[in-house]
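Analysis of the macromolecular model
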Amino acid sequence: MPTPSKKTPKKVAKRVTASSRNAKSTSATIETHLHENRTFPPSAAFKKQATFAAAANYVKAGRSPVKFWESMAKELVWKKRWTKALEWKAPDAKWFIGGKLNVTETCLDQHLTNGNRNKVALIWEGEPGDKRVMSYYDLWREVNKFANCLKGLGIKKGDRVAIYLPMIPELVVAMLACARIGAIHSVVFGGFSPESLSDRINDAEAKMLITADGGYRRGQIIPLKHDADVALASCPTIEHVIVVKRGDFLLRFKEGRDHWYHRLMQDADPVCKPTYVDSEHPLFILYTSGTTGKPKGIMHTTGGYLTGAYATTKFVFDIKPDDVYWCTADCGWVTGHTYVTYGPLANGATQVIYEGAPDWPDPDRFWQVVEDYGVSIFYTAPTAIRAFMKWGKEWPGQHDLSSLRLLGTVGEPINPEAWIWYHEIIGGKRCPIVDTWWQTETGHIMITPLPGLTKTKPGSATQPFPGISPAVLDENGKPVKNGGGLLAVTHPWPGMLRGIWGDRKRFVDTYWSKWDGIYFPGDGARIDKGGYFWILGRVDDVINTAGHRLSTMEVESALVEHPSVVEAAVVGIPHDLKGEALAAFVTLGPKQKADEKLIGKLRDFVALKIGALAKPEKVIFAADLPKTRSGKIMRRLLRDIASGKVLGDTTTLADPAVIQHIQRRYSEE
Ligand code: WTA
């Protein structure tokens, strides 16, 4: 059982010392003040069985990243081997040049003959409690048939197909069926509005839309086909619509354009030969919802992406034949692409897919699912963990979670308090936690512990995945030795984005213009003496107060450490003297009294943890915080409220009522 190593004392949240206060604050770096000293080495038992256990392998991969990636690519199914592993003319990378493949052969066909034919691929549970189990053979058959349906409706290699479905097996089937025939899928999260859907369809000029009559979320029916019809009124490129019958929901059918999935499947030929494509053929476009600006169509290609998805799933999640793996992400996000559809299937894993909300009908739904299917590997987001904390440990306490052996998080920096809660309450102090940093753009995990090898530190994504070269740089591209700076990736990696669909200039400006030939992800980070990376969040979320550049995430972490607080978002507000001051939006735990006294206590608490410079000028209590549909806090909107501006783009906001509530609270202050 991993226990905090004896050498390290209890956590020391350092106050600002004279030396750190004197730390040079140039526009190039970000000051960091919160220092987390607890460490969690892997247990001997985990170490013994871990797939990636030898530090020597890590060093070897570091010496020759391209060779490492080639060795991973060799484990996939190729029709034709590549002749050159990498061609790099910044910002354009080509991986496995000359290679030909079809990703579905690695994800499906190989399993028909390697002993996985009758192994469970998907265990699906709908929100109302309906269940389906599909073996690798079932999935292979379904994908083949559906690929033939797509072909039958005129879809060809290179065509774009938009997918707007709930989290049902047909979503995975539709993605793979596109890949089977070389079509490019563009999955649009089922919670998006008609307007967001039509924007994405039009940007990609998709020829087909695959949707459903509806889906379930928190007991409500999401009228997907209805919303799709609204969107399609302004989508001239769509020729056909395929509709999966999820429920018995009312809908309108447009003759000639609309087709039932099950009807097409009845007559479909059961075998569809894979279309072999070049390694650099586009596999999918995925629009980043983003906390800022208009969505970007991030483009990924085939051979490199699959190599990255396969290798990271294999080593980070340590998947074994008997594991039951559950990534709670929807396929509408990149996490669902890489760690539901491609990575686990390429590894022949058995995985759980759940359609609905974590608190339906009660806040223990996830733990019920873990118990019912014996989930052993569980991957979710910090926002979900903070919600579980808010709901209380009695909910997981009602269930047997002893099947769990590995936990993961992704999507945001995880506050050390949430990390510890996850470790103790969900992981029973027994499971390593992999805090994985990556992006839609990077395609796969980039910075992460390797369970069984890496000593973890709560709140740190720890170290680069083998073959990945991140760094913390200043504006001029010089490595930051002490403190925070800008996260960068200095060498190409196989799953990297190959562009923004139809917008070369934005691709170059956004990611490649800060330094020469070095990728800029837009995040701030700190590197500690042990070479551990601490992600500080988006650089847009940095506050410049009295000459200090502070990361909002650190102040939030300090607030969340207070026993009354479950979630916090901190933004900068204009201030005559300091340039910017801090406003903290705070969600309290159940039964906590929101009064002036608590405001004073929270301000003092931040001063104690970080220093007086971080003391929030204002503290605003909010029942909930505004989040994107993928659960990221939208500080941009809070900034607009706090500085009295008109709200910017709110189309990616999950629940508009939240922001109205906060606006009211703020004007009352
Ligand atoms: C943030 C999700 C800290 C980060 C796969 C990144 C994280 C953005 C972490 C990408 C992590 C993701 N620690 N921050 N472990 N993982 N982020 O495109 O700001 O939805 O740039 O991809 O999420 O979000 P995206």
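Residues numbered from 1 in each chain as written. Predicted model: local features only at pLDDT ≥ 70, side-chain atom pairs only at ≥ 80, totals over all residues. Heavy atoms only, no water.

The number of helices and strands found in the protein chain is 21 helices and 30 strands. Taking 26 Å as the expected radius of gyration for a compact globule of 669 residues, we find that the protein chain reaches 24 Å, a close match to that expectation. In the protein chain, which comprises 669 residues, the proportion classed as buried is 62%. In the protein chain, 72% of the contacts between residues at least 6 apart in sequence involve partners at least 24 apart. Here the protein chain displays about 25,500 Å² of accessible surface, and carbon together with sulfur accounts for 51% of that area. Once the 87 positive and 72 negative side-chain charges of the protein chain are each reduced to a mean point, those two points are 6 Å apart. (Helix = DSSP H or I, 4+ residues; strand = E, 2+ residues; numbered from the N terminus. Rg over C-alpha atoms; globule rule 2.2 N^0.38 Å. Buried < 20%, exposed > 50% of the residue type's maximum accessible area, 1.4 Å probe, protein only. Contact = heavy atoms within 4.5 Å. Areas by Shrake-Rupley, 256 points an atom, 1.4 Å probe, with all protein chains shown as cover. Lys, Arg positive; Asp, Glu negative; His and termini not counted. Charge placed at Lys NZ, Arg CZ, Asp CG, Glu CD.)

In the region of the ligand, 16 residues are neighbours, and Asp 435, Thr 436, Thr 440, Asp 523 and Arg 538 sit closest. Residue Gln 439 places a side-chain N or O atom 3.0 Å away from an oxygen atom belonging to the ligand. One of the side-chain N or O atoms of Lys 632 is found 3.1 Å from an oxygen atom in the ligand. The fraction of the free accessible surface of the ligand (530 Å²) that becomes covered by protein chains is 91%. Counting only elements with at least two residues in the shell around the ligand, the list comes to α12 (334–346) and β25 (533–538). By residue class, the composition of the shell around the ligand is six nonpolar, five polar and five charged. (Near = heavy atom within 4 Å. Polar contact = N/O pair within 3.5 Å; in protein donor to acceptor, adjacent residues only side chain to side chain. Nonpolar A, V, L, I, M, F, W, Y, C, P; charged D, E, K, R; others polar.)

The next point concerns the pattern of salt bridges. In total, this model carries 35 salt bridges according to the counting rule given. Between Asp 359 and Arg 218 there is a salt bridge, with its nearest N and O atoms 3.0 Å apart. Remark: Arg 218 occurs in the loop between β9 (215–217) and β10 (220–222) and Asp 359 occurs in the loop between β17 (350–354) and α13 (365–373); sequence separation between them is 141 residues. One salt bridge in this structure joins Asp 523 and Arg 538, with 2.9 Å as the shortest N-O distance. Here Arg 538 lies in strand β25 and Asp 523 lies in strand β24 (residues 523–527), a separation of 15 residues in the sequence. Residue classification places Arg 538 among the partly exposed positions, given a relative accessible area of 31%. (Salt bridge = Lys/Arg side-chain N within 4 Å of Asp/Glu carboxyl O.)

Here the focus is a negative patch on the surface. Negative charge collects at one region of the surface, where Glu 195, Asp 199, Asp 203, Glu 205 and Asp 649 lie side by side. Among the secondary structure elements, Asp 203 is positioned in helix α8 (residues 194–204). For Asp 203, a relative accessible area of 30% gives the class partly exposed. (Patch = residues over 30% accessible without salt bridge, like charges linked within 9 Å, V, L, I, M, F, W, Y side chains within 5 Å.)

What follows concerns the nonpolar core. Formed by 134 residues in total, the largest nonpolar core has its most connected members in Phe 146, Leu 150, Ile 163, Leu 209, Ile 210, Phe 317 and Tyr 342. Here this core takes nine residues from helix α7 (residues 169–180), the largest share from any one element. Once residues lying within four places of it in the same chain are set aside, the contact partners of Ile 210 are Phe 146, Leu 150, Val 161, Ala 162, Ile 163, Tyr 164, Leu 165, Ala 174 and Ile 242. Counting residues in hydrophobic clusters, the runner-up holds 28 residues, among them Phe 366, Ile 385, Phe 388 and Leu 404. (Core = buried A, V, L, I, M, F, W, Y, C linked by side-chain atoms within 4.5 Å.)

Moving on to the sheet that holds strand β23 (residues 499–500). Two strands in a sheet stick together by hydrogen bonds in their backbones, pointing the same way (parallel) or opposite ways (antiparallel). One open sheet holds the eight strands; their spatial order is β12-β11-β8-β6-β7-β14-β15-β23, and the pairing between them is mixed. With partners counted over all chains shown, the strands left at the sheet margins are β12 (258–260) and β23, one partner each. Bridge analysis of strand β15 (residues 296–301) against β23 gives two bridges, and the strand direction is antiparallel. When the sheet's bridge partners are listed, Met 299 is paired in β23 with Gly 499. Relative to strand β8 (residues 208–212), helix α9 (residues 224–232) is tilted by about 155°, and along the sheet it contacts β6 (160–164), β8, β11 (240–244) and β12. (Pairing = 2+ DSSP bridges. Axes fitted to C-alpha atoms, helices over the stretch in contact; angles between N-to-C directions.)

What follows deals with the pairing of strand β18 (residues 377–380). A two-sided burial pattern is seen for β18, the buried positions comprising Ile 377 and Tyr 379 on one face and Phe 378 and Thr 380 on the other. Pairing of strand β16 (residues 324–327) with β18 involves three bridges; the strand directions are parallel. Bridged to Cys 327 within β18 is Tyr 379. In this sheet, strand β19 (residues 406–409) lies alongside β18 in parallel orientation, the contact comprising four bridges. Its bridge partner lying in β19, Ile 377 is registered against Leu 406.

This part covers the confidence of the model for the protein chain. The share of residues in the protein chain with pLDDT of 70 or more is 95%, and the mean pLDDT across the chain is 91. This stretch, residues 1–27, has a pLDDT under 50; its non-local contacts, to residues over four places away or in other chains, come to 49 contacts. (pLDDT = per-residue confidence, 0-100.)

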